[in-house]
Amino acid sequence: MTKHQLADDTYTASELLCVMAARLLKDGQIVFAGIGVPLLAATLAQHQFAPHLTILFEGGTIGPRIVPGELPPSTNEQRCTRHANMLLPITDVLLLLQRGYVDIGFMGGAQIDRFGNLNSSFIGDADNPKTRLPGTGGGNDISSLTNMIVAMKHEKRRFVADVDFITSPGWVKGRRSRAEAGLPEGGLWRVVTDLALMGFDEETREMKVLALQQGVTREQVQDNTGFKLLFDEKLQTVAPPTKEELATLRHLDPDCRFTA
Amino acid sequence: MSTDALVTPYRQLREETLTRDRGLREKVMSLEEATRFVNDGDHVALGGCHLSRTPSAMLWALIRARRQNLTVSRSIASTETDLLLASGVSRHVVTSWFSQGLIWGVSKVMRHHVENKLAVFDEWSHMSMGLRYRAGAMGIPFMPSRTMLGSDVGKRLGEGFKSMTCPFTNEDVGLLPALNPDVALIHVQRCDPYGNAQLDGLQFMDLDIAMAAKRVILTTERIVSNEQIRRAPDHTRIPFFTVEAVVEAPIGCAPHECYGVYEPFFSHLDDYAALTTKDPVQGTQGYLERYYYEPKSWSDYLSRLGMDAVLDACRRGRKVHND
């Protein structure tokens, strides 16, 4: 693995995602985090401003403190359990979502559409796929049961009008369709990318740009998106990562395991 | 969906359980002897999750015994299931997520088998997998739940996943069919000769799998006395009467981890990823020859992983006890 050789004021796209996503979290929240950027961002938030934020991992961990430089390969190994409050069976930690104890679910995404539905199962037709992807894992459960943040790279092939396959439901077909499908709670709250921060229109549930990353234009965001985006009337620009945020991040992931 | 009878009839489940010898008896044997509890065509549930407490030693023995047409289920499947497909032992995987791990990218072995229709990969959400085993453990035919609705994951399961209006609240709920595997393969840190198993760290779905299964093969880092088990019965997680075989298999999850004993063999897994990414067919065949078919014994397999690699994994594994 390559060690990062970046100056203090430059950063990778993944580092930007971690910082921006971390800023969306609040102290005291219970956050169900996936592997990679979500795990790092939640840990960054704990170190920066949210010491009472509790992380849950799918493998069964409640409230670990990740050891810097010893990031786990998935959310299911012993590195996920360091300094934890409790270890539960997988089914029971996922049931905490269904019971309603979780504020935020947080994961990465391979492909997303205008209503925030995520695909991590098939590229192309499911019966004759161009690519079989690994699948839902807990993604479907998390997105079905709580408010979600998704962090991903902003590319046209990833931001499509309709996903090839709904692995993890967002707002399904927009408006009230999510609740009508039997999912009365939760929904996709924020999408964080290297270009912008997005939410969803309260009525139509279409994706709406709320803020641009520093130095990024509206046109750039639209050009890298495979459908027409809504833009907020009070479109903002996000402050770039601070030296402190980047230093903490590099302390946590010195080998650039998730931030290369 | 391609499972045969989705839910084991209750009468059959009870009768099969009644006919088992549930007495307190010793059942220690070798890996090779334990393979007799797995028949061609069985549904085999694997304990652990992803790179953790994988029953690697027992799978190694089943691949060497050339079992065929196994349906394999697991909460999350990784390199062990790659090798079950590549060896021809299984063509049917039931899981929520199937790849080596995020840092290694999407499994080329899984892609090769699924995209070329050499194998079927039935995808359920992770909680749904867990609730299916739990329903099996509870002796009920299905479990209601609130996920997989509104998604193509649920739709693609066809007859496997249904929904109904709750008779109490009039809400829509999903219905998951109980899963009672023919065999569960579970690796633990310690158990006694009768099969009373204690496990440390993350439990994953192992307790439900053991209770749901029609028989359990336990592999263990070490066999301890029944007296030791009785000194701390509150730590026992799997009761002896669910277990048919106990096999002592030290470092029995290699190259994956066993909580508190060893971490994953990362360098070996990097090499495996490089080998199988380059060529999922030749890569796995060469790997199977070297690590599965050629070794004379499980300890010979460990020798091939290398003493340095074993000690490094153990040194990292013990770190959880340092705090």
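Preceding block: the structure.
Keep in mind that what you see is a predicted model, and the values were worked out from it rather than measured. (Residues numbered from 1 in each chain as written. Chains lettered and ligands numbered in written order. Predicted model: local features only at pLDDT ≥ 70, side-chain atom pairs only at ≥ 80, totals over all residues. Heavy atoms only, no water.)

## Points about the overall build of chain A
Phase 1: Helix and strand counts for chain A stand at seven helices and 15 strands.
Phase 2: The C-alpha atoms of chain A give 18 Å as radius of gyration, which agrees with the globular expectation for 260 residues (18 Å, within 12%).
Phase 3: Dimensions of chain A, computed from C-alpha atoms along their principal axes, come out at roughly 45 × 40 × 35 Å.
Phase 4: Each of the 260 residues in chain A was classed as buried or not, and the buried ones make up 61%.
Phase 5: Look at the contacts in chain A between residues 6 or more apart in sequence, and 68% of them connect residues 24 or more apart.
Phase 6: Of the roughly 10,100 Å² of accessible surface on chain A, a fraction of 48% belongs to carbon and sulfur atoms.
Phase 7: Between the centroid of the 27 positive side chains of chain A and the centroid of its 31 negative side chains there is a distance of 0 Å. (Helix = DSSP H or I, 4+ residues; strand = E, 2+ residues; numbered from the N terminus. Rg over C-alpha atoms; globule rule 2.2 N^0.38 Å. Buried < 20%, exposed > 50% of the residue type's maximum accessible area, 1.4 Å probe, protein only. Contact = heavy atoms within 4.5 Å. Areas by Shrake-Rupley, 256 points an atom, 1.4 Å probe, with all protein chains shown as cover. Lys, Arg positive; Asp, Glu negative; His and termini not counted. Charge placed at Lys NZ, Arg CZ, Asp CG, Glu CD.)

## Thoughts on the interface of chain B and chain A
Phase 1: Facing the 58 residues of chain B at the interface are 54 residues of chain A.
Phase 2: Of all residues in chain B, B:Met127, B:Arg156 and B:Leu202 give up the largest surface area on contact with chain A, accounting jointly for 13% of the area buried on that side.
Phase 3: Viewed at the interface, chain A and chain B are joined by five salt bridges.
Phase 4: Two residues, A:Asp127 and B:Arg156, come together in a salt bridge whose shortest N-O distance is 3.1 Å.
Phase 5: Of all elements in the fold, only α5 (108-115), β4 (120-123), α6 (126-138), α7 (152-156) and α13 (307-317) of chain B reach the threshold of two or more residues within the side of chain B that touches chain A.
Phase 6: Residue classes in the side of chain B that touches chain A are distributed as 26 nonpolar, 17 polar and 15 charged. (Buried area = accessible area lost by both parts, 1.4 Å probe. Salt bridge = Lys/Arg side-chain N within 4 Å of Asp/Glu carboxyl O. Nonpolar A, V, L, I, M, F, W, Y, C, P; charged D, E, K, R; others polar.)

## Notes on the nonpolar core
Phase 1: With 76 residues, the main nonpolar core has A:Met207, B:Ile186 and B:Leu218 as its most contacted residues.
Phase 2: What A:Met207 contacts, discounting residues up to four positions off in sequence, is A:Ile112, A:Asp113, A:Arg114, A:Phe159, A:Val191, A:Met198, A:Gly199, A:Phe200, A:Phe227, A:Leu229 and A:Leu230.
Phase 3: Of all hydrophobic cores here, the second largest spans 46 residues; its members include B:Ala57, B:Cys258, B:Trp298 and B:Tyr301. (Core = buried A, V, L, I, M, F, W, Y, C linked by side-chain atoms within 4.5 Å.)

## Thoughts on the pairing of strand β15 (residues 230-237) of chain A
All names here are of chain A.
Phase 1: In this sheet, β15 lies alongside strand β14 (residues 207-212) in parallel orientation, the contact comprising four bridges. Across the sheet, the residue bridging to Leu212 is Thr237, located in β15.
Phase 2: One crossover worth recording links β14 to the parallel β15 by way of helix α6 (residues 218-223), and it is right-handed. (Pairing = 2+ DSSP bridges. Right-handed = clockwise from strand over helix to strand, strands pointing away.)

## Observations concerning the packing of aromatic side chains
Phase 1: Per the counting criterion, the structure on display carries 12 aromatic pairs over all chains.
Phase 2: For the ring pair B:Tyr287 and B:Tyr292, a centre distance of 6.4 Å and an interplane angle of 45° mean the geometry is tilted.
Phase 3: The class of B:Tyr287 is buried, set by a relative accessible area of 4%.
Phase 4: In textbook terms, an aromatic cluster arises when at least three aromatic residues are bridged by ring pairs, as seen for B:Trp60, B:Tyr272, B:Tyr287, B:Tyr291, B:Tyr292, B:Trp298 and B:Tyr301.
Phase 5: Looking at A:Arg178, its charged tip hangs above the ring of A:Trp171, at a distance of 5.8 Å from the centre.
Phase 6: When the ring centre of B:Tyr293 is taken as origin, the NZ or CZ atom of B:Arg66, which lies over that ring, is 4.1 Å away. (Phe/Tyr/Trp six-rings, centres within 6.5 Å; stacked < 30°, edge-to-face > 60°. Lys NZ or Arg CZ within 6 Å of the ring centre and 35° of its normal.)

## Examining the packing of helix α3 (residues 56-64) of chain B against helix α11 (residues 280-293) of chain B
All names here are of chain B.
Phase 1: At a minimum axis separation of 10 Å, α3 and α11 run at an interaxial angle of 110°. Judged by the angle between their axes, α3 and α11 are roughly perpendicular. Contact residues: Trp60, Ile63 and Arg64 in α3; Leu288, Tyr291, Tyr292 and Tyr293 in α11.
Phase 2: Across the contact of α3 with α11, the residue classes break down as six nonpolar, no polar and one charged. (Axes fitted to C-alpha atoms, helices over the stretch in contact; angles between N-to-C directions. Parallel < 35°, antiparallel > 145°, perpendicular 65-115°, else oblique.)

## Concerning α5(B)
Phase 1: Considered for burial, the residues of α5(B) that qualify are B:Val109, B:Met110, B:His113 and B:Val114. Mapping the buried residues of α5(B) onto a view down its axis gives an arc of 115°, with all of them on the same face.
Phase 2: The inward-facing, buried residues of α5(B) contact β9 (128-132) of chain A together with α4 (79-86), β4, α10 (266-278) and α11 of chain B.
Phase 3: Capping of α5(B) at its N-terminal end is provided by B:Ser107; its side-chain oxygen lies 3.2 Å from the backbone amide nitrogen of B:Val109.
Phase 4: Positive backbone phi, at 60°, marks B:Lys117, one or two positions downstream of α5(B). (Arc of directions from axis to C-beta. Polar contact = N/O pair within 3.5 Å; in protein donor to acceptor, adjacent residues only side chain to side chain.)

## Some points on empty space enclosed by the protein
Residue and element names in this part refer to chain B.
Phase 1: In this structure the tally under the stated criterion is one cavity of 30 Å³ or more.
Phase 2: In this structure, the largest cavity occupies an estimated 80 Å³ of space.
Phase 3: In terms of lining residues, the largest cavity is bounded by Ser56, Thr79, Glu80, Leu83, Pro255, His256, Leu269, Tyr272, Tyr287, Tyr292 and Tyr301.
Phase 4: Counting only elements with at least two residues in the lining of the largest cavity, the list comes to α4, α10 and α11.
Phase 5: Ranked by residues supplied to the lining of the largest cavity, first place goes to α4 with three residues.
Phase 6: A per-class count over the lining of the largest cavity returns seven nonpolar, three polar and one charged. (1 Å grid on protein atoms, 1.4 Å probe; cavity = no way out; pocket = protein on both sides within 12 Å on 5 of 7 lines; lining within 4 Å. Points joined across faces, edges and corners; volume = space filled by probe spheres on them.)

## Some details on the sheet that holds strand β6 (residues 162-165) of chain B
Sheet strands pair by backbone hydrogen bonding; their relative direction is either parallel or antiparallel.
All names here are of chain B.
Phase 1: Read from one edge to the other, the open sheet built from three strands follows the order β5-β7-β6, with strand pairing classed as antiparallel. Of all strands in the sheet, those with a lone pairing partner are β5 (142-145) and β6, marking the two edges. Strand-to-strand twist in this sheet, taken as the mean axis angle between neighbours without regard to direction, amounts to 35°.
Phase 2: The sheet contacts of α6 involve β5 and β7 (172-177), and relative to β5 the element is tilted by about 140°.

## Looking at the environment of B:Glu159
Phase 1: Structurally, B:Glu159 can be placed in the loop between α7 and β6.
Phase 2: On the basis of relative accessibility, which here comes to 61%, the residue B:Glu159 falls in the exposed class.

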